[in-house]
Amino acid sequence: MVQPGDGLALRSRPTVGYVALGGTIASVPSEAPGAQPGVQPTLTAADLAAGVPGLEAVAVLEAHTFRTIPSSAITLRDLIELVPVLLRVVEGGAAGVVVSQGTDTIEEVAFVLDLLWDRPEPVVVTGAMRNPSMAGPDGPANLLASVQVAAEPDARDCGVLVCLNDEIHAARFVHKSHTCSPSTFHSPGLGPLGWVAEGRPVIALRPTRRAHVQLDWSVALPRVPIVTLGLGADAVLLEALCDLECDGVVIEGMGGGHVPAGLLPAVGDLLERVPVVLTSRTGSGEVLATTYGYPGGEIDLLDRGVIRAGALDSLKARLLLVLAMASGCDRPATRDLFALVGTTTGPVAKA
Ligand code: ASP
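Residues numbered from 1 in each chain as written. Predicted model: local features only at pLDDT ≥ 70, side-chain atom pairs only at ≥ 80, totals over all residues. Heavy atoms only, no water.

> Honestly, the site of the ligand in this entry has me stumped. Any pointers?
The environment of the ligand is formed by Gly23, Thr24, Pro70, Ser71, Gly102, Thr103, Asp104 and Ala128. Within the contact set of the ligand, an oxygen atom lies 2.5 Å away from a side-chain nitrogen or oxygen of serine 71. Contact distances for the ligand include 3.1 Å between an oxygen atom and a backbone N or O atom of alanine 128. Here the ligand has 260 Å² of accessible area as a free molecule, and 82% of this is covered by the chains. The residue inventory of the shell around the ligand, partitioned by class, reads two nonpolar, five polar and one charged. (Near = heavy atom within 4 Å. Polar contact = N/O pair within 3.5 Å; in protein donor to acceptor, adjacent residues only side chain to side chain. Areas by Shrake-Rupley, 256 points an atom, 1.4 Å probe, with all protein chains shown as cover. Nonpolar A, V, L, I, M, F, W, Y, C, P; charged D, E, K, R; others polar.)

So, in structure tokens, the structure goes:
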């Protein structure tokens, strides 16, 4: 019988890559005299791995420190540089890779990586809500669970996953919903794909499809602002965008994807210049396609050429539009990509 810690068990451990980017999980107070109060990301991947009891029994970890920054400082360029690092790790034989970073932008980073990652090996993004100087920091438990998921054969072909609080979420749906609770991550309207119990990852559901975007790494990344519409919103911001050098716009509309009729001339002017994507400010559910027939309703907006984001929220719709444009998609190809990524059913036929 193989006992934990004996030579045979150690030889059979999978290799898992671990790439650290900073965030709360890596943030501690500075001990320097006169230092700024509060924590800052300074811990390396090796520091973080060393703080996880039992990790060496699960996998041989290949730790790399890629960045030590707050996640609000991560850029798309960082992610474009990160993908080759992840690729090298799995091409070297790792079963999967764990990425740790700040939770503020996990849902966006995981979504972009998911679009750029077409390999079967899991990429598992994690972080922490309580930094290492607090009582009950969640970083070590999240890192351990994520390594267990990255080493799990059932997690293959699920794309990029987000694992915190012993839950496994699909990158496409996960959302940070609370400023400080360790149970902040949810997949609205869907729930997690699985969980980790007693060190066993369980993949209970699998994404129905994956989408891959092939980027030309050298292109300038398009500028895409998000405009959220509140009650009585007037057209001034959309009009101003017509004169600014933006390359696309996401309009976060009301309910099923609606705008006040007074904004339609500005929407039309924008559409003459750039692609416009329609999302909903509700936080879950799809943008509708065939229900409301009034001016500024979704049927009217889609007829004018607005692109429907499906079930993608505004943050993810913005990133998909940026990547679509950066990969050379014209408007019909962008619309098709949104239908593929933004819904689980493909394009919605017109009524
Ligand atoms: N401010 C941190 C960051 O996103 C928050 C976190 O890691 O939870 O870097």
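> Even after reading the chapter, I still don't get helix α10 (residues 314-326), so can you show me in this structure?
One full turn of an α-helix is made of 3.6 residues, so residues set three or four places apart face in the same direction. Taking 1.5 Å per residue, 13 residues should reach 18 Å; α10 reaches 18 Å between its end C-alpha atoms and fits that length. Within α10, ten of the 13 residues are buried, leaving the element largely enclosed by the surrounding structure. Against α4 (76-91), α5 (106-116), β13 (226-228), β14 (249-253), β15 (276-280) and α11 (331-342) lie the buried residues of α10. The N-cap of α10, judged by a side-chain oxygen 3.3 Å from the amide nitrogen of leucine 315 a few residues on, is aspartate 313. Taken from the residues just after α10, glycine 328 is the one with a positive phi, measuring 90°. (Helix = DSSP H or I, 4+ residues; strand = E, 2+ residues; numbered from the N terminus. Expected span 1.5 Å × (residues − 1). Buried < 20%, exposed > 50% of the residue type's maximum accessible area, 1.4 Å probe, protein only. Contact = heavy atoms within 4.5 Å.)

> What exactly am I supposed to notice about the packing of α4 against α5 here?
Angle between the axes and distance between the axes are the two parameters that describe a pair of packed helices. Relative orientation of the contacting elements α4 and α5 amounts to 50°, with a least axis distance of 10 Å. Relative to α5, the element α4 is oriented oblique. Judged by the sense of rotation from one axis to the other, the crossing of α4 with α5 is right-handed. Between α4 and α5, the residues in contact are Leu76, Leu79, Leu82, Val83 and Leu86 and Val109, Val112, Leu113 and Leu116, respectively. Along the lines of polarity and charge, the residues of the contact of α4 with α5 split into nine nonpolar, no polar and no charged. (Axes fitted to C-alpha atoms, helices over the stretch in contact; angles between N-to-C directions. Parallel < 35°, antiparallel > 145°, perpendicular 65-115°, else oblique. Left-handed = near helix turned anticlockwise from the far one by under 90°.)

> It is not clear to me how empty space enclosed by the protein should be interpreted in this structure. Could you clarify?
With a probe scaled to a water molecule rolled over the atoms, the places where space remains empty come into view. Counted according to the given criterion, the structure contains one cavity of 30 Å³ or more. A volume near 110 Å³ is recorded for the largest cavity. Lining the largest cavity we find 14 residues, and of these Asp114, Arg172, Arg209, Arg210 and Ala211 sit closest to its centre. Those elements that provide at least two residues to the lining of the largest cavity are α5 and α11. Of the residues contributing to the lining of the largest cavity, the split by class is ten nonpolar, no polar and four charged. (1 Å grid on protein atoms, 1.4 Å probe; cavity = no way out; pocket = protein on both sides within 12 Å on 5 of 7 lines; lining within 4 Å. Points joined across faces, edges and corners; volume = space filled by probe spheres on them.)

> Mind showing me how you'd approach the pattern of salt bridges here?
Think of it this way: side chains of opposite charge can pair up when their charged atoms draw near. If you walk through the whole model with that rule in mind, you get eight salt bridges. The residue lysine 176 makes a salt bridge to aspartate 104 at a minimum N-O spacing of 2.9 Å. Here lysine 176, found in strand β9 (residues 175-176), pairs with aspartate 104, found in the loop between β5 (96-100) and α5; they are 72 residues apart in sequence, far enough to count as distant. With a closest N to O distance of 3.3 Å, glutamate 198 and arginine 200 form a salt bridge. We classify glutamate 198 as exposed; its relative accessible area is 75%. (Salt bridge = Lys/Arg side-chain N within 4 Å of Asp/Glu carboxyl O.)

> Would you take a moment to explain the sheet that holds strand β6 (residues 123-126) for this structure?
Think of a sheet as strands paired side by side through backbone hydrogen bonds, with each pair either parallel or antiparallel. Pairing is mixed in the open sheet, where eight strands are placed in the order β4-β1-β5-β6-β7-β8-β11-β12. Single-partner strands in this sheet number two, and they are β4 (60-69) and β12 (200-203). Between one strand axis and the next, the sheet turns through 20° on average, direction left out of account. Note: strand β11 (residues 194-197) against β12, four bridges, orientation antiparallel. Bridge pairing in β12 links tryptophan 195 to valine 202. (Pairing = 2+ DSSP bridges.)

> I tried to follow the packing of aromatic side chains on my own but got confused; where do I start?
Think of a pair of aromatic rings as described by two things: how far the centres are apart, and how the planes are tilted against each other in angle. Taken as a whole, this structure holds one aromatic pair when the rule is applied. An angle of 45° between the planes, with centres 5.7 Å apart, marks the rings of tyrosine 292 and tyrosine 294 as tilted. Its relative accessible area of 38% is what places tyrosine 294 among the partly exposed residues. The side chain of arginine 67 reaches across the aromatic face of phenylalanine 66, ending 4.1 Å from its centre. (Phe/Tyr/Trp six-rings, centres within 6.5 Å; stacked < 30°, edge-to-face > 60°. Lys NZ or Arg CZ within 6 Å of the ring centre and 35° of its normal.)

> Can you walk me through the nonpolar core in this structure?
Side chains of nonpolar character tend, in soluble globular proteins, to be buried together. Formed by 54 residues in total, the largest nonpolar core has its most connected members in Leu86, Leu113, Val125 and Phe338. Counting residues per element, this core draws most heavily on α4, at nine residues. Excluding anything up to four places from it in sequence, leucine 86 contacts Val19, Val97, Val99, Leu113, Trp117 and Val123. Counting 29 residues, the second largest nonpolar core, distinct from the first, contains Val16, Tyr18, Ala49 and Val98. (Core = buried A, V, L, I, M, F, W, Y, C linked by side-chain atoms within 4.5 Å.)

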